[in-house]
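# Remarks on the overall topology
These are the residues of each chain, in order.
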Amino acid sequence: MKTIITNDYEDMSEKAAQIIIETVKEKPNAVLGLATGATPMGLYRRLVADHKEMGTSYKYVRTINLDEYVGLTKVNPQSYAYFMYENLFCHIDIALKNTYIENGTALDSMIECKRYDKMLNKLPRDIQLLGLGSNGHIAFNEPYTSFSSTTHIVNLAENTIKDNAIYFDNIEQVPRQAYTMGIKSIMKAKQIIILASGFKKAEIVSKLVQGNVDSALPASILHNHCNCILILDKEAASKL
Ligand code: GLP
């Protein structure tokens with residue numbers, strides 16, 4: 001895993017945006033694995049600005065998202081489908097039919113997980129973007145998730161519910177379950193970019209960079225990926 005330390009959140013976002021923009025320019029029908037959360041928002045803002053100013057086109061790009069809350073429809077402002085639409089898709093020329101995310105209100109969760117896995121196999125990702133949970137999760141793969149997991153429903157960890165409560169009116173509203181792409185599927189992407197920003201990620205980043213691969217820290221599996229870049233700002237790197 002290559003580690004890049006940038007000055008601040010804006011630099012971290014710029015660095016990641018450049019990699020994605022270059023990929024899309026070189027391969028106009030690239031498949032991008034995308035993430036939600038606060039961390040990638042600056043990167044999405046840059047993709048939008050670049051699309052508007054430089055004309056980078058997403059007409060043939062396909063996107064696959066990591067995770068979605070169980071029980072939330074895509075028109076619910078707290079759903080990750082809505083997040084993606086608001087922060088990226090509605091500002092660029094991507095065809096919405098080419099954007100994929102788990103259906104949080106699917107009637108049969110087993111069928112939904114299988115459907116997602118089939119699609120992941122059909123559309124190998126050129127890049128997978130990841131954030132880092134403060135407990136070391138990637139997507140919603142909480143500590144001790146099997147490294148061989150595929151799409152599944154997860155019971156969210158207490159600290160994940162607390163961390164994500166800032167996006168809801170109160171903690172009671174945070175769904176307790178989510179669909180998530182599994183760790184095995186994440187690892188299949190050709191390139192992985194993982195971002196971490198701010199002091200609140202410094203502790204987990206220092207554990208991650210130590211290099212032991214342990215399911216107690218799900219992101220540590222990324223050490224086994226042959227093309228993974230960890231991009232940090234100075235605050236997230238402050239305990240290295
Ligand atoms: C959330 C998401 C992850 C995200 C992570 C970090 O729970 N499921 O995909 O990367 O936690 O979130 P943030 O970027 O807001 O710190």
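Attention here is on the structure that accompanies the text.

How each quantity is defined
- Residues numbered from 1 in each chain as written.
- Predicted model: local features only at pLDDT ≥ 70, side-chain atom pairs only at ≥ 80, totals over all residues.
- Heavy atoms only, no water.
- Helix = DSSP H or I, 4+ residues; strand = E, 2+ residues; numbered from the N terminus.
- Buried < 20%, exposed > 50% of the residue type's maximum accessible area, 1.4 Å probe, protein only.
- Contact = heavy atoms within 4.5 Å.
- Expected span 1.5 Å × (residues − 1).
- Axes fitted to C-alpha atoms, helices over the stretch in contact; angles between N-to-C directions.
- Parallel < 35°, antiparallel > 145°, perpendicular 65-115°, else oblique.
- Left-handed = near helix turned anticlockwise from the far one by under 90°.
- Nonpolar A, V, L, I, M, F, W, Y, C, P; charged D, E, K, R; others polar.
- Core = buried A, V, L, I, M, F, W, Y, C linked by side-chain atoms within 4.5 Å.
- Pairing = 2+ DSSP bridges.
- Right-handed = clockwise from strand over helix to strand, strands pointing away.
- Phe/Tyr/Trp six-rings, centres within 6.5 Å; stacked < 30°, edge-to-face > 60°.

### Description of the environment of Ser 220
- Structurally, Ser 220 is set in the loop between helix H7 (202–210) and strand E10 (228–233).
- When its relative accessible area of 0% is taken as the criterion, Ser 220 is described as buried.
- For the pair Ser 220 and Pro 175, spaced 45 residues apart in the sequence, the C-alpha separation amounts to 26 Å.
- Leaving out residues up to four positions away in the same chain, Ser 220 has contacts with Phe 147, Leu 208, Asn 212, Val 213 and Asp 214.

### Describing helix H2 (residues 41–54)
- Over its 14 residues, H2 extends 19 Å from the first C-alpha to the last, a length consistent with the 20 Å expected when each residue adds 1.5 Å.
- All of the buried residues in H2 are Gly 42, Leu 43, Tyr 44, Arg 46, Leu 47, Val 48, Asp 50 and His 51.
- Downstream of H2 by a residue or two, Gly 55 has a phi angle that is positive, lying close to 80°.

### Quick look at the packing of helix H1 (residues 9–26) against H2
- Where H1 meets H2, the closest approach of the two axes is 8 Å, and the angle between their N-to-C directions is 55°. On the basis of their axis angle, the class for H1 and H2 is oblique. In this structure, H1 meets H2 at a crossing whose hand is right-handed. Two secondary-structure elements touch here, H1 through Tyr 9, Glu 10, Ser 13, Glu 14, Ala 16, Ala 17, Ile 20 and Ile 21 and H2 through Met 41, Gly 42, Leu 43, Arg 45, Arg 46, Leu 47 and Asp 50.
- Class assignment of the residues belonging to the contact of H1 with H2 gives a composition of 8 nonpolar, 2 polar and 5 charged.

### Considering the nonpolar core
- Ranked by size, the top nonpolar core spans 74 residues in total, and within it Leu 43, Tyr 44, Leu 47, Leu 88, Ile 193 and Ile 194 carry the most contacts.
- Counting residues per element, this core draws most heavily on H1, which supplies 7 residues.

### A few points about unusual backbone geometry
- A positive phi is found at Ala 139, a non-glycine position, where the angle reads about 50°.
- With respect to the helices and strands, the residue Ala 139 is situated in the loop between strand E6 (127–130) and strand E7 (152–155).
- With a phi close to 75°, Tyr 144 is a non-glycine residue in the positive phi region.
- Looking at where Tyr 144 falls in the secondary structure, it is placed in the loop between E6 and E7.

### A closer look at the pairing of strand E2 (residues 31–34)
- Side chains Val 31 and Gly 33 of E2 all project onto a buried face; the interleaved residues Leu 32 and Leu 34 project onto the opposite face, where all are buried too.
- Inspection of the sheet shows E2 paired to strand E3 (residues 62–65) by 4 bridges, in the parallel sense. Bridge pairing in E3 links Val 31 to Arg 62.
- Regarding topology, H2 serves as the crossover connection from E2 to the parallel E3, and that connection is right-handed.
- Relative to E6, E2 runs parallel, the two being bridged by 2 bridges. Following the sheet pairing, Gly 33 is matched in E6 by Gln 128.

### Describing the sheet that holds E3
- Read from one edge of the open sheet, 7 strands run E1-E10-E9-E6-E2-E3-E5, paired in parallel fashion. The open sheet is flanked by strand E1 (2–6) and strand E5 (99–100), the only strands paired with a single partner.
- Where H1 meets the sheet, it contacts E1, E2, E6, strand E9 (191–196) and E10, and its direction lies at approximately 150° from that of E10.

### Concerning the packing of aromatic side chains
- With the rule as written, the count across this model stands at 4 aromatic pairs.
- Considering the side-chain rings of Tyr 69 and Phe 168, the 5.7 Å spacing of their centres and the 80° angle between planes classify their relative orientation as edge-to-face. A residue pair is termed long-range when its members are at least 10 positions apart, and Tyr 69 in strand E4 (residues 67–69) and Phe 168 in the loop between helix H5 (158–164) and strand E8 (177–180) qualify at 99 residues.
- Residue class for Phe 168 comes out buried when judged on its relative accessible area of 9%.
- With 6.0 Å between their ring centres and 15° between their planes, Tyr 80 and Phe 140 make a pair best called stacked. Taken together, the residues Tyr 80 in helix H3 (residues 80–87) and Phe 140 in the loop between E6 and E7 connect sequence positions 60 residues apart.
- Using a relative accessible area of 11% as the deciding quantity, one classes Tyr 80 as buried.

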